[in-house]
Structures are given as structure tokens and as C-alpha cells.
Amino acid sequence: MVRVTRALLTATLLAACGGSPPPPPPPAPPAAEETALAPPDIIQMAVPDVPDAVETPLYGVDLDTVRAGEFDQGKMWTFEFPPADHIEETYGFRPDGAWFERARLGALRIPSCSASFVSPNGLVMTNHHCAREFVSQVSGDGETLLDDGFIAIDLNDERPVENFEADQLVEIVDVTDEVNAQLDALPAGDRGEAREALLEEIEARIVEERGGEDSGYEIEMISLYNGGRTSAYVFRRYTNAKLVMAPELQIGFFGGDPDNFTYPRYNLDFSFFRIYDDDGAPLSSDSYFPFDQDGLAEGDPIFIVGNPGSTHRLQTVAELEYRRDVSDRFLLETVRRRMEVLGAYIEANPETAEEFDLRNEYFGLSNTEKAYEGQVRGLEDPVIIAKRADNEAAFLAAINADPALQERYGGLIEQMAELQDLKRTQNGVVGAFSVFGNPYLDSSTLIRGFFGLQVISMVQGGAAEEEIESMLDNVRGAPQMPAELDAALMADRFADLVRHLGAEHPAVSALLAGRTPEAAAQQVFSMTELADSAGAVAALESGSASPGDGAIQAIIAFLPAFLELNTLFVDVGPREEAIAADLGRARFEIYGTDVPPDATFSLRIADGVVTGYEYNGTIAPVFTTLYGLYDRHYSHAGKEDWALPDRWLDPPESLDLSTPLNFISTADIIGGNSGSPVLDRDLEIVGVVFDGNVESLTGDYIYLPERNRSITVDSRAILESLDEIFDFDRLVLELTSGELVETEAEADRRR
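The rules behind the values
Residues numbered from 1 in each chain as written. Predicted model: local features only at pLDDT ≥ 70, side-chain atom pairs only at ≥ 80, totals over all residues. Heavy atoms only, no water. Helix = DSSP H or I, 4+ residues; strand = E, 2+ residues; numbered from the N terminus. pLDDT = per-residue confidence, 0-100. Contact = heavy atoms within 4.5 Å. Patch = residues over 30% accessible without salt bridge, like charges linked within 9 Å, V, L, I, M, F, W, Y side chains within 5 Å. Areas by Shrake-Rupley, 256 points an atom, 1.4 Å probe, with all protein chains shown as cover. Salt bridge = Lys/Arg side-chain N within 4 Å of Asp/Glu carboxyl O. Lys, Arg positive; Asp, Glu negative; His and termini not counted. Charge placed at Lys NZ, Arg CZ, Asp CG, Glu CD. Buried < 20%, exposed > 50% of the residue type's maximum accessible area, 1.4 Å probe, protein only. Core = buried A, V, L, I, M, F, W, Y, C linked by side-chain atoms within 4.5 Å. Disulfide = S-S within 2.5 Å.

Novice: Would you mind going over unusual backbone geometry with me for this structure?
Specialist: It is generally the case that most residues other than glycine have a negative phi and that most peptide bonds are trans. In the segment running from Tyr263 into Pro264, the intervening peptide bond is cis, with an omega of 5°. One can find Pro264 in the loop between helix H9 (256–259) and strand S11 (271–275). Although it is not a glycine, Asn163 sits at a positive phi angle of roughly 60°. One non-glycine residue with positive phi stands out, namely Val435, at about 60°. Along the chain, the position of Val435 falls in the loop between helix H16 (427–432) and helix H17 (444–460).

Following this line, the structure appears as C-alpha cells:
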């Protein structure tokens, strides 16, 4: 959700309206033909009542007897505190410092995903779904590489990609003592802003110590335990990359949305890039993970090194209950409605959808929808809440048992609960503005209007040029969308206000003036200069965009309601952050590194065992095979989600259908781990992780090893498919021997 200071928004509102209340929007135009895309039906209602309790799905369970598990808070171990003792106790071998260093240096972080070096020649492996954007990017005229797949037969055929960053973590600098010493001297209310400034100062200093901005290093300040500990992560960033291979979408996303977050699975969700050095040659990468030649068996330990995005396992029970009843529930509802809008547009306009890469956006929203559905269902499970409550009670008892801890941290959990109750008083505006400002869940024109109004106010107020330019960057950053889709998203945003605030709310009345959300959106588009980024910036710079602009008028109409929400979070947010940071420090003082911190899209190592689990009244197989892939295809004959690509329909007789395809393990992962290497105890590649089962969706706030399973593409299936289906001998040889093979065609060109 977009957040800015109340002072700026209030000044903006008053300046735009000449110090008077906002005027109503212009009168509705004469009726016009409806657009080709019809938004979802609008249901006018206030915020629905949320039941105080949810019937337990586990009959006969006495919640008073439920106890927290040893690893409820997960096993996403940091490299600051490598879990050598835990690995020795659990698996019978003790990795040394060199083992952890190899694991750290072989891993990479790429945009929104994880990856790894898998050869000494800069070859990088990740998921297919992490590469989709780049596959579409390198498709030439008349090519549909996302559907057809891509194979660079020769080294010269590898295609350069833009906006690709691969970060290798080369050093970790613990700055906790320095940060805490300075912040502890300040009042709690001042620490948030001071912390941000201090971390920027430390980051600049570390960059300078390592040769400055041109040194090739990137520094990221990482907060662990909700700010209880702080480290500077020093990355070597690689940006010169080329796409080497990606299978067809139908095999990389086999099963489509129905199979997403389920198991058994039959996916080849992998792709390969190559990093090049400054001289244009394949990067010489000493730190890489070779492919295992033997494969895994049930019961074997595995290790996943990657960048889990975010978890909230240190949140209090009151925070989780607020998510269950309000924030996560509203977000899920909003995502579902926007998916209807986007899906209808894609179906009606397939060519334009392909031009704007809207299928990938829909895939992302579908993934988000399923994830939040699983999270909300888990939060409705009283046994899970009881386990979290037992953990919290033990934590609180440990604080109260130590006078020094009690003096510093006593009462914080109760204070956090009071803040959640305060937020519940604003459920209407929370629902009305859920995901407001998200570039793919909101109208881009409306986003430009929001920031454009602030630009106008800043110009009128004589703000500095650099401040105005910074605000204009927000206008530039709103993505360009097809006009019909933009209008439909705007109408659905207006409908959100009706749903949650009611038709009689002053903001709704001012916005709609008796019109439908669809008609109001069409009126906005007929009277705005902000329908595209370039035109919007030009209009704001020239001054032709005024408070009378249609998009800005819409913002002015509902801005007072948004201010109610913004005021709440400007007040509550810093207090929540300060309490969470203190609770994080308390946990570290009590439990040390036995309890890992929440995920922060920073490098972690997770351990697990290859094993099945009970589901749907039966037992999930540990490994699926290529036999199952073909059975899935023919059992769902004629259904697109399970349709195999053409090259798979007549496989060579040499294809070994018993080859393990996907497997499951108890390793603790979450979004952001996609593309992470799955390693054996020798740090050899046994697969690439791509998903979790539906039972793992509660992993945002609790890790349940009896339920949670990570799902991996087996390295044996990768090699078998590259060899037998894709006939990509060059890549097979590189993965199995490390040798970068020159084809005859390349040799001829070189000669």
C-alpha cells in the first residue's frame, strides 16, 4: 500500500483545492457504449462481519494440550551463525568453515529468485519460472520462445539479457553492536528514522573501504530478528548474462495453476544462464556446485542454499489474528477480484496480452492468490494458533523470570496486542485501500494521479527541484497498460470503496456522484492527461496537468478517506517496528542462534530429509518419474494444463521413463527460494527447488516438518531430458564434466 506523510497529503489536498473541501467530480457524460471488457459485478456492501471464532477442522483436539514444536520457528539458518552443531547432531557429520564457504559462494541471488553456479564456466541454473521474463525479452520477431523453449546450440547462440543481476555473497560484516549502541541512546519513537540514516552511513563507509562505487561490490544492510541484529552483506554483482536454455512453458509449468502448490508433481521447472566477464568471455567461476552422478534415495539428507523472501514467524499471536481477520483476508479478496479483471482481458485480447506480457503477470497473481488462501486457512486452524500461543507463553515466561529482561522487555507483547485492536477500528478503510498503489493491482493512471497531485502541490509550495524530480520518478515508474485494462482496474478500485466504505460514505459520494464505478472510470479517462507515463510527466512539467485533471480529481475525492488510513499506519507502524525490534533482541538474548531469524530475502541454508508424507487419505510418493508425466498427460487428454509439448509426444526409445522427475523433502523454504540449488552432503547438485506443497503455505508463520514439503526437480531428470529430448549434448557435457565444449560450427566460425 502507498504510504506518505499526513502532512504532505494534507498540504497537497488543501493546495489542490484552494484551501476548501474537495469539489465533486465533473458531471457524468452522456451514456456511451460499454467497453469490450466488462469488470466483475459490483456488490455494494460494508465490511463483512468476521466471526470471532472458527470451528476447528481437527475434531477432538483439546487445545489446552497443544504444545509448540522444536522447530516451529523454522530451520532457515544464516551464514553468520552456521548450524554446524545441528547438522552434526542430526546427520552425523560436521561441516567445517570451508564447507559453509563453498555453499555460500556457489549460491546466487537473481531478481525475485535464487540460483547457483553449476560449472566452472559461469553457467547458472535457476527455475524456468524465474526466467520467463528474460525468455520473452530475447524472443525475436516471429518467435514465441516462452511457448516453444530456447536452446543455444552453440556458445555464440546464447542470447544477452537485460536487467539481469546475479549477486554472490562474498563477505558478511556484523555491525549489531555499533547500531544498537547508537539507537539505545534515543527515545523509542525516534529510533526508526535514526536507524535508517545510520544504516545508510554504515553502508557508505563499507563501500568506501572496499574501493568505492566502481569496485564492483554492492552492500546491503540486513536486519535479523526484526532489527535485533544487523549485518552488512557484501555482494559481488554480475550483470553481463546470456540465456543458454529454457524448456517450453508447458513442461516448465506442467499442470498449470491446478497443480501449483500441490504434490505429486511432474515439472521440469529449470533454466540456464551464463555469466560473462568484462572481456566478453564466459566467467571463470571456481566456486560452483557440480552435478551429482549417483542420485538420491529416500532418507538421504539434503541442503537448500537460497534466499527465502520473507516469513513472519516472530510475530505475536495478536498480529497473526489480525492478519487472519483483516489484512490477509482483505488482500486475498482483492487479488481474486483483480485476477477476474486481468483474466477477462487476456482472454478477450490475447495478442495485446502477449505484447504486454500479461500472462506472466496473471501467473504471478495466481501464485499469490493460492499462497494467501493457504495462509488464511492455516490461520483459521486453532491448533496452529494454539502452538504459536504456547511458544509465546514460554517466551513471555522466560522474560518474566529474569528481572533484567522483565524490566526491558516486559509488557511488549501486550502493547503489540493493543496496537492490533487499534487497527481493527479502521477495518473499513483497510479493506477499501488494500494493495492501493500496487502497479499490477491498481490502475496506472490512478497511481500517476496520486503522485501527480503531490507534484502539483510541491511546485506550488516551492519545493526543491530534486524533491520534485524524485516525485516525478514515481509517475514515470507506473507501468504502461492497455487503456481498456487500465479502466477496468480503475473501476474495480472504485468498487472497493463501495464494498468497504458503503455507498453513502462522503468519499464514495464525492467520487461517484451517483454513477457506477465503470461510468466514473470512463469519465476519468475522458478528462485526464495522465493515461501514459511520458504524457503525464510532460503535462506535470509544463503545468498543463492541473487539479482539474480527471485522474487527480478522483484522487482528491477519496483522499480524505485515505488520510484516515494513512494517519493510522503512520502512527502505528513505527510503534510496531520498535516493539518487534525489542522482542527480536529479547528472543536472541534468551534463545541465541537456536532459533533462526525470519527470512529477509537474504542467503540461508536449510536442511532436510528426503521423505514422503500422508495426504488425502494416502501417502505421497517420495519421487515421481517420467512415467507419471506421461500418465498425467494422457489421463487429462485434451486439457491444456497437462498437454505435453510436441517434442515430448514421440520420445526416443532410449528415454528412460523410470528416471526420477520430482522429489520432496522436509527442507524449510518459502517464496524467494525458487531456483535454489538442492545439494547433498558433498555439496553436489541433486536438484533445483521450485515449489512447496499446499500444506507448506502456513510456512510464513510456522514450520511444521510433518506437513511442510519442498518440491524439487531431480538432477537426473534434468540430464535425461537435456540428453534425450532436447539433444543438448554440449550442456550435458558441461554439467557432468565441467568442460565447455566447442561445437564444430563454433570451431568453423573461429577459424
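Structure's up, so let's keep going.
Novice: For this particular structure, what's the right way to read the confidence of the model for the protein?
Specialist: Atom-level detail of predicted coordinates should not be read off regions where pLDDT is low. Residues with a pLDDT of 70 or more make up 91% of the protein, whose mean pLDDT is 90. Within the model, pLDDT remains below 50 along residues 1–59, and this stretch shows 113 contacts once partners closer than five positions in the same chain are excluded.

Novice: Even after reading the chapter, I still don't get a negative patch on the surface, so can you show me in this structure?
Specialist: There is a patch of like negative charges on the surface, built from Asp190, Glu193, Glu196 and Glu200. Relative to the helices and strands, Glu196 is located in helix H7 (residues 191–209). Given the relative accessible area of 52%, Glu196 is considered exposed.

Novice: How should I be thinking about the nonpolar core in this particular structure?
Specialist: If you look at the biggest cluster of nonpolar residues, it comprises 70 residues, and the most contacted ones within it are Phe433, Phe494, Leu497, Leu511 and Phe558. Tyr225, Phe303, Val305 and Tyr630 belong to the second-largest nonpolar core, a separate cluster that totals 64 residues.

Novice: How should the state of the cysteines be read in this particular structure?
Specialist: By definition, a disulfide links the sulfur atoms of two cysteine residues through a covalent bond. Across all of its chains, the model carries one disulfide by this definition. Sulfur-sulfur distance for the disulfide between Cys113 and Cys130 comes to 2.1 Å. Between Cys113 and Cys130, the S-S torsion sits near -85°, and that sign places the bridge as left-handed. One end of the pair, Cys113, is in strand S3 (residues 113–117); the other, Cys130, is in the loop between strand S4 (123–126) and helix H4 (132–138), and 17 residues separate them in sequence. We classify Cys113 as buried; its relative accessible area is 6%.

Novice: For this particular structure, what's the right way to read the environment of Pro574?
Specialist: Tracing the chain through its elements places Pro574 in helix H23 (residues 550–591). Among the residues examined, Pro574 registers a relative accessible area of 42% and is labelled partly exposed. Taking C-alpha positions, Pro574 is 6.5 Å from Gly192, a pair spaced 382 residues apart along the chain.

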